[in-house]
Amino acid sequence: MYDRAFIEYLLHFHCERDYFECHEVLEEHWKADPPKNRKKYWVGLIQIAVGLYHQRRGNFSGALRMISNSIQLLENDRQAIEKLGLHSEELINELKKRKNEILDKRGYYSFNLPIIDKELLHMCKMQCKDSHKVWGKDSDLLDEYLIHKHKKRNRSAVIEQRLQQLEIRKRSRNSK
């Protein structure tokens, strides 16, 4: 019923607090649709994760921009958020609260997305348990890799794949 990428997003969000991976998983899913058919609510969810990533790192201007954008996108598509099994009003209220805390330069703390679909929540918790993770665990603020993942991860495979895709596009243009 739910896209696999969304389930992965929820697991990264609630088990590991790996907001960087939340972004990666949903961005790939979002980009799989043709540009004119891309759903803005995916961008809103991506921006929540990126905003929290920035806040956790103390980048309040980046956090404010992302959380503000996510509020705007998600407020305009509450029905889609509800179809994702999330409580839209509670989510928007939590994001507005977080925005005010970011404006006050208050430090990061973990929160859970308001999942109202009991089957979705049960499925996520079972997958979390099966992979020996803890659902709703607070972020490890001492984990340098998690906090600075965009700087510390190995990007060689991603770079190689992008170069291959660029070459394919070049060949495709030249053959027309």
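Calculation notes
- Residues numbered from 1 in each chain as written.
- Predicted model: local features only at pLDDT ≥ 70, side-chain atom pairs only at ≥ 80, totals over all residues.
- Heavy atoms only, no water.
- Helix = DSSP H or I, 4+ residues; strand = E, 2+ residues; numbered from the N terminus.
- Buried < 20%, exposed > 50% of the residue type's maximum accessible area, 1.4 Å probe, protein only.
- Lys, Arg positive; Asp, Glu negative; His and termini not counted.
- Salt bridge = Lys/Arg side-chain N within 4 Å of Asp/Glu carboxyl O.
- Polar contact = N/O pair within 3.5 Å; in protein donor to acceptor, adjacent residues only side chain to side chain.
- Contact = heavy atoms within 4.5 Å.
- Phe/Tyr/Trp six-rings, centres within 6.5 Å; stacked < 30°, edge-to-face > 60°.

A. Representation of the side chain of R17 within the structure. Here R17 is to be found in the loop between α1 (4–16) and α2 (19–31). Although R17 lies buried, it forms no salt bridge, and the closest oppositely charged side chain, D138, sits 5.0 Å away as judged by the N-O distance. In this structure the side chain of R17 is engaged in a polar contact, spanning 3.4 Å, whose partner is the backbone oxygen of G136. Every residue in contact with R17, bar those within four places of it in the chain, is listed here: H12, R56, Y108, S110, F111, N112, G136, K137, D138, S139 and L146.

B. Representation of the packing of aromatic side chains in the model. By the definition in use, this model includes nine aromatic pairs. Note on F13 and F111: the rings are 5.9 Å apart at their centroids and 85° apart in plane angle, and the pair reads as edge-to-face. Here F13, found in helix α1, pairs with F111, found in the loop between α6 (88–103) and α7 (118–130); they are 98 residues apart in sequence, far enough to count as distant. Since its relative accessible area comes to 8%, F111 is described here as buried. Geometrically, the ring pair formed by Y41 and W42 is tilted, given 4.9 Å between the ring centres and 55° between the ring planes.

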